[in-house]
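Chain by chain, the residues run as shown.
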Amino acid sequence: MKTILIVFGLFAIQTQIFAIGVGDRVIAYHEATKGYFVGTAVESDNTVKGGGFLVIFDDGDQEVVPFPRMRKLNIAVGSKVMARFTDGKFYPGTVAKIIGGALFINFDDGDKAWTPWAGIGLKE
């Protein structure tokens, strides 16, 4: 893990960059849906500027994702996410529990439901 300092005019933020390797679980940008979803980095790919990985998303889609548009999966209890509800649509909520490949979500509107990792996303 590396820590870098990014300066914007008079403001500075500190961020951490986590090295990503083949086989790592990632949260990566899916161009077709304009959102971030869970997947696995399966091979490096230098066809995109700056390099990236071919990501196999948990829903079966695959896409080459540039390094700046992915990070290691770090969703945990308490994380704010967009989660698929029983109607198939994504809504904002908070991860309340994780058991293996399933997450229990407390949706912002008061509903609660289980969803698989494929049903988890983040807004851009």
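Rules of the game
Residues numbered from 1 in each chain as written. Predicted model: local features only at pLDDT ≥ 70, side-chain atom pairs only at ≥ 80, totals over all residues. Heavy atoms only, no water. Helix = DSSP H or I, 4+ residues; strand = E, 2+ residues; numbered from the N terminus. Buried < 20%, exposed > 50% of the residue type's maximum accessible area, 1.4 Å probe, protein only. Contact = heavy atoms within 4.5 Å. Pairing = 2+ DSSP bridges. Core = buried A, V, L, I, M, F, W, Y, C linked by side-chain atoms within 4.5 Å. pLDDT = per-residue confidence, 0-100.

Asker: It is not clear to me how the environment of Ala-113 should be interpreted in this structure. Could you clarify?
Answerer: Tracing the sequence through the fold places Ala-113 in strand 11 (residues 112-116). On the basis of relative accessibility, which here comes to 9%, the residue Ala-113 falls in the buried class. In this structure, the C-alpha to C-alpha distance between Ala-113 and Ala-83, residues 30 residues apart in sequence, is 9.3 Å. Among all residues touching Ala-113, those that are not within four sequence positions of it are Phe-85, Leu-103, Phe-104, Ile-105 and Phe-107.

Asker: Looking at this structure, I do not really get the pairing of strand 10 (residues 102-107). What am I missing?
Answerer: Regular strands have side chains that alternate between both faces of the sheet. As judged from the six bridges shared by strand 9 (residues 90-99) and strand 10, these two strands associate in the antiparallel manner. Each bridged residue has a counterpart across the sheet, and for Gly-93 the counterpart in strand 10 is Phe-107. Taking the residues between adjacent antiparallel strands as the criterion, strand 9 and strand 10 are bridged by two residues, where Gly-100 takes a positive phi near 55°. The pairing of strand 10 with strand 11 spans five bridges and is classified as antiparallel. In the sheet register, Ile-105 faces strand 11, and the bridge partner there is Ala-113. Hairpin remark: strand 10 followed by strand 11, antiparallel, with four residues in the connecting loop; positive phi at Gly-110, about 105°.

Asker: Please clarify how unusual backbone geometry should be interpreted in this entry.
Answerer: A negative phi angle characterises most non-glycine residues, just as the trans form characterises most peptide bonds. Phi at Lys-34 is positive, roughly 55°, even though this residue is not glycine. Mapped onto the elements, Lys-34 comes out in the loop between strand 3 (25-30) and strand 4 (35-45). According to the relative accessible area criterion, Lys-34 is partly exposed, its value standing at 46%.

Asker: Any chance you could explain the nonpolar core here in plain terms?
Answerer: Side chains of a nonpolar character, in soluble globular proteins, are inclined to be buried together. Counting residues in each nonpolar core, the largest one holds 15 residues, and the members touching the most others are Ile-75, Val-81, Leu-103, Ile-105 and Ile-120. Secondary structure elements with two or more residues in this core: strand 3, strand 4, strand 8 (80-84), strand 10 and strand 12 (120-122). The greatest single-element share of this core, amounting to three residues, is contributed by strand 10. Ignoring sequence-local partners within four residues, the contact set of Ile-105 consists of Val-81, Ala-83, Gly-93, Thr-94, Val-95, Asp-111, Lys-112, Ala-113, Thr-115 and Ile-120. Counting residues in each nonpolar core, the second largest holds ten residues, with Ile-20, Val-55, Phe-57 and Val-65 among its members.

Asker: Can you walk me through the confidence of the model for the protein in this structure?
Answerer: Low-pLDDT stretches of the model should not have their predicted coordinates read in fine detail. Per-chain confidence: the protein averages 86 in pLDDT, with 85% of residues scoring 70 or above. No element of the protein has a lower mean pLDDT than strand 1 (residues 2-8), which averages 40, and none a higher one than strand 10, which averages 98. Predicted confidence is poor over residues 1-17, with pLDDT under 50, and the contacts of this stretch with residues over four places away or in other chains come to 22 contacts.

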